[in-house]
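The primary structure of each chain is shown beneath.
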Amino acid sequence: MSAGRRTLGFSWPVLVALAVLAAPRVVLHDLHLVEEGRPAAVLLAVVPLIGWVAAVLWRRPPRPFLTVVVIGAIYGVLLAVGHQLLWDEAFGATGPRLGDIDPRAQEVILRVAAVFSSLATGVLTGVVAGAVAAVLSRFVIGRQRPARTTPGRRR
């Protein structure tokens, strides 16, 4: 068993698959197919997080908070890649500007800022969902777990 699976409760491909659940929102948002605040956008933002929490409650990893933060970080990477690939579709010819700076330098600065913003968004999303998962794991699932015993010890 890998160290990641022991600590996080899932294999890396499963962690990536869970993060991918949130990827359609990135694509649909950048292509302007869903509008912010509309029911579809809310569902695309919330349902994957519910899936992350549900997976953790079902699998019961030893560190549910860390598991969901890792999923969120992977999602942040997917978010960054998605925004970079769909940059022109998202902004068109009139992308964001930074005043009188050379347009090529502006694009580099804005793209780098978008990467950091995406990574931060993913991690913070994981922190919030991870906190929910940790609380639910402790108070909902934790009561159903049998007490752990150390080998060689009797209770």
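Residues numbered from 1 in each chain as written. Predicted model: local features only at pLDDT ≥ 70, side-chain atom pairs only at ≥ 80, totals over all residues. Heavy atoms only, no water.

Summing up its helical and strand segments, the chain has seven helices and zero strands in all. Along the chain, helices and strands appear, N-terminal first, in the series α-α-α-α-α-α-α. Looking at the chain as a whole, 31% of its 155 residues are labelled buried. Pairs at least 24 apart in sequence give 73% of the contacts found in the chain among residues at least 6 apart. When the accessible area of the chain is evaluated, it comes to approximately 9,900 Å², of which 66% is carbon and sulfur surface. (Helix = DSSP H or I, 4+ residues; strand = E, 2+ residues; numbered from the N terminus. Buried < 20%, exposed > 50% of the residue type's maximum accessible area, 1.4 Å probe, protein only. Contact = heavy atoms within 4.5 Å. Areas by Shrake-Rupley, 256 points an atom, 1.4 Å probe, with all protein chains shown as cover.)

This brings us to the packing of aromatic side chains. A complete count under the given rule lists two aromatic pairs for this structure. Ring centres of Trp52 and Tyr75 lie 6.1 Å apart, and the angle between their planes is 65°; on these two criteria the pair is classed as edge-to-face. Here Tyr75 lies in helix H5 (residues 64-85) and Trp52 lies in helix H4 (residues 39-59), a separation of 23 residues in the sequence. Accessibility assignment for this pair places Trp52 and Tyr75 in one class, buried. (Phe/Tyr/Trp six-rings, centres within 6.5 Å; stacked < 30°, edge-to-face > 60°.)

In this section: unusual backbone geometry. Located in the positive-phi region is His32, a residue other than glycine, with phi close to 60°. Since its relative accessible area comes to 54%, His32 is described here as exposed. Unlike most non-glycine residues, Arg60 shows phi in positive territory, near 55°. You can see Arg60 is positioned in the loop between H4 and H5. For Arg60, a relative accessible area of 35% gives the class partly exposed.

A general feature of soluble globular proteins is that nonpolar side chains tend to end up buried together. Core analysis: the biggest nonpolar cluster contains 19 residues, and Phe10, Leu15, Leu18, Trp52, Val68, Ile71 and Tyr75 have the highest contact counts within it. Sorting the residues of this core by element identifies helix H2 (12-20), H4, H5 and helix H7 (103-141) as the ones contributing at least two each. Among the elements that make up this core, the one with the highest residue count is H5 (six residues). Those residues in contact with Leu15 that lie beyond four places of it in its chain are Leu8, Phe10, Thr67, Val70, Ile71 and Ile74. (Core = buried A, V, L, I, M, F, W, Y, C linked by side-chain atoms within 4.5 Å.)

Residue position: Ala40 is located in helix H4. Owing to a relative accessible area of 39%, Ala40 belongs among the partly exposed residues under this scheme. Distance from Ala40 to Arg25, taken between C-alpha atoms, is 9.3 Å for residues 15 residues apart in sequence.

Attention now goes to the pattern of salt bridges. Within the structure shown, the criterion is met by three salt bridges. Across the pair Glu36 and Arg25 runs a salt bridge, and its minimum N-O distance is 2.8 Å. Of this pair, Glu36 sits in the loop between helix H3 (23-30) and H4 while Arg25 sits in helix H3, and the two are eleven residues apart along the sequence. Overall, the relative accessible area of 49% leaves Glu36 in the partly exposed class. The partner of Arg111 in a salt bridge is Glu107, and the shortest N-O contact between them spans 2.8 Å. Here Arg111 pairs with Glu107, and both are found in helix H7, just four residues apart, close to one helical turn. (Salt bridge = Lys/Arg side-chain N within 4 Å of Asp/Glu carboxyl O.)

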